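# Structural overview
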Amino acid sequence: MKYKDYYEILGVKRDASTDDIKKAYRKLAHKYHPDVSKDPKGEEQFKAVAEAYQTLKDPEKRTAYDNLGRHQPGEEFRPPPDWGQQFGEGGFSFDDIDLADLFGSLGGGRSRAGGRRGNIPIPGQDYEVTAPISIEDAYRGTELDLNLSVPEYDGKGGVHRVPLVFKARIPKGVTDGERLRLPGKGGKGLNGGPNGNLYLTIALQTHPLYRVTGHDLYLDLPVTPWEAALGASVDVPTLGGPVRLKVPAGTNTGQKLRLAKRGLPKRREGEGDLFAIVQIVVPASPTEREKALFMELANASKFNPRASFPTGDGK
Amino acid sequence: MNIEPTEAQWLHDQAEISIEELAELSGLPPEMLLELVDYGALTPVNAQLPADTRSAPWSFTADCIVAVRTAGRLREDFDLDANALSVALALVERIHGLEAQLQELQTQFPRLRGKR
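What you see is a predicted model; the values in this text were computed from it and never measured.

## Structural notes on the overall build of chain B
Helices and strands together make up the secondary structure of chain B, namely 4 helices and 4 strands. Along the chain direction, N to C, the helices and strands of chain B fall in the order β-β-β-α-α-β-α-α. Buried residues in chain B amount to 23% of all 116 residues. Counting only contacts in chain B whose residues sit at least 6 apart along the sequence, the fraction spanning at least 24 positions is 59%.

## Some words on the pairing of strand β7 (residues 216–223) of chain A
Residues and elements named next belong to chain A. By the bridge criterion, 4 bridges tie strand β6 (residues 210–213) to β7 in an arrangement that is antiparallel. Bridged to Tyr210 within β7 is Leu219. Connecting β6 to the antiparallel partner β7 that follows it, the hairpin turn spans 2 residues, and Gly214 within it adopts a positive phi of roughly 60°. Examined bridge by bridge, β7 and strand β11 (residues 274–280) share 7 bridges and lie parallel to one another. Along β11, the bridge assignment pairs Tyr218 with Phe275.

## Details of the environment of A:Tyr53
Its place among the elements puts A:Tyr53 in helix α3 (residues 42–56). As a C-alpha pair, A:Tyr53 and A:Arg289 span 236 residues in sequence and 73 Å in three-dimensional space.

## Some words on the nonpolar core
All names here are of chain A. Judged by nonpolar contacts, the single largest core of 29 residues is most densely connected at Leu200, Leu217, Leu219 and Ala276. Counting only elements with at least two residues in this core, the list comes to α7 (135–140), β3 (159–170), β4 (179–182), β5 (198–204), β6, β7 and β11. One finds Ile9, Leu28, Phe103 and Tyr153 within the second-largest nonpolar core, a separate group that totals 26 residues.

## Thoughts on the confidence of the model for chain B
For chain B, the mean per-residue pLDDT works out to 82, and 84% of the residues sit at or above 70. Among the scores for the predicted complex, ipTM is 0.76 and pTM is 0.76.

## Brief notes about the packing of helix α3 (residues 64–78) of chain B against helix α4 (residues 82–108) of chain B
All names here are of chain B. It is at 10 Å that the axes of α3 and α4 come closest, and there the two elements cross at 125°. One finds that α3 runs oblique with respect to α4. Along this stretch, α3 crosses α4, giving a crossing that reads as right-handed. In this structure, α3 uses Ala67, Thr70, Ala71, Leu74 and Arg75 to contact α4, whose residues at the interface are Leu85, Ala88, Leu89 and Val92. Residues of the contact of α3 with α4, tallied by class, amount to 7 nonpolar, 1 polar and 1 charged.

## Let's talk about the domain arrangement of chain A
Per the domain assignment, the segments making up chain A are domain 1 (1–109), domain 2 (119–205) and domain 3 (210–300). Of note, the centres of domain 1 of chain A and domain 2 of chain A, computed from C-alpha atoms alone, are 25 Å apart.

## Considerations on helix α2 (residues 18–32) of chain A
At 3.6 residues per turn, the α-helix brings residues three or four places apart onto the same side. All names here are of chain A. In this model, α2 (15 residues) spans 21 Å end to end at C-alpha, consistent with the 21 Å of a helix rising 1.5 Å per residue. Among all positions in α2, only Ile21, Ala24, Tyr25, Leu28, Ala29 and Tyr32 are buried. Burial along α2 is one-sided: seen end-on, the buried residues are contained in an arc of 135°. The exposed residues of α2 that point more than 90 degrees off its buried face are Asp19 and His30.

## So, the interface of chain A and chain B
Taken together, the contact between chain A and chain B spans 27 residues of the former and 22 residues of the latter. Looking at the side of chain A that touches chain B, the elements that each hand over two or more residues are β3, β4, β6, β7 and β11 of chain A. Of the residues forming the side of chain A that touches chain B, the biggest block, 5 residues, is contributed by β3(A). Looking at the side of chain A that touches chain B, its residues break down into 14 nonpolar, 3 polar and 10 charged. Bridge count for β4(A) against strand β2 (residues 9–10) of chain B is 2 bridges, and the pairing is antiparallel. Within β2(B), the residue paired with A:Leu180 across the bridge is B:Trp10.

So, how was this worked out
- Residues numbered from 1 in each chain as written.
- Chains lettered and ligands numbered in written order.
- Predicted model: local features only at pLDDT ≥ 70, side-chain atom pairs only at ≥ 80, totals over all residues.
- Helix = DSSP H or I, 4+ residues; strand = E, 2+ residues; numbered from the N terminus.
- Buried ≥ 20, exposed ≤ 12 C-beta atoms within 10 Å, placed from the backbone.
- Contact = placed C-beta atoms within 7 Å.
- Pairing = 2+ DSSP bridges.
- Core = buried A, V, L, I, M, F, W, Y, C linked by C-beta atoms within 7 Å.
- pLDDT = per-residue confidence, 0-100.
- Axes fitted to C-alpha atoms, helices over the stretch in contact; angles between N-to-C directions.
- Parallel < 35°, antiparallel > 145°, perpendicular 65-115°, else oblique.
- Left-handed = near helix turned anticlockwise from the far one by under 90°.
- Nonpolar A, V, L, I, M, F, W, Y, C, P; charged D, E, K, R; others polar.
- Domains from an automatic or database assignment.
- Expected span 1.5 Å × (residues − 1).
- Arc of directions from axis to C-beta.

Listed below in structure tokens is the structure:
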């Protein structure tokens, strides 16, 4: 088991009062809590802070922690020989767990466990996991390999880590931020209590072509100045394969051309739309001939896109 | 090894949820959930019924699960009472709404422009 210095994590002295510990925790929670903080690394930080606080706020656990002795953070260690008898009820295997599991299993650690006696059925914990999937997978539906490591409590105060490996079938129709439930895939229930559930939050990965909002997709559609002016038929990639799209004559940059029902499928029925946003693109290094033709157009055209600007000394 | 995949369920397809089930899912005591309804942070499906109606108790849509789990976390981690929680929930919901709007706008903003 690796040692963690809970006092150092909270930034308090080892003889800090419970009140000081609480204050230090709150300060850090405001800074790192994932529901509050914008720090992308906040969640990780908060977990460490919360773990330290869970143990140090409880006088009994704090004593148990102090009795582990002092070690360097990250150092491999084993609790003193009689520690298990003194604070738990034995049954620990210290190798495959971390400190949080250990203190989570100590008296009252699992709030719903109601002590360590009982034959009371205890429902398993719920887990939440973020599942990054590609836009293509959201379009077709997919199977996801989940590989988690979770603490398992034996109801007698013992705890060890077990791998939780399974496949989840993600139906088509999910979109970014969607929540799904995998019934019974949370923590194991004790004494006949039901297993917990696992909640999946879908996070769509960024795509080189498409941007997603809800079930609609947006795509930049680069066109030449002459295609925009004269109109054209262009091939547009969609998730279901290329589709021919008519760019009407006189199309401007920023105009949205809608390809109905070419977005992501919806849960029950129907599909979102695909919007192609027109971008007029000029050649970066035009040939002499192209330059000459543009010049000819410039001389021949009376078109003034800035007609709405006030006239005056601007010339 | 061939593992039979577990079907992921849509939260929306769940039947309506009782206040006891919400309590179980969020770790919030039922009394606190009732207070959250009072403050308008949670809206039952049959909101027109008074809270003490025994015959037809309040039920909630499964969408509430996300909100109450957030509430459960916030209460646990920040030690909030129902009043503070309902304010926090309202703000969290507004932020989510704004983020969704922002994302929608960003998807419409062409990417090409920056790439020159």
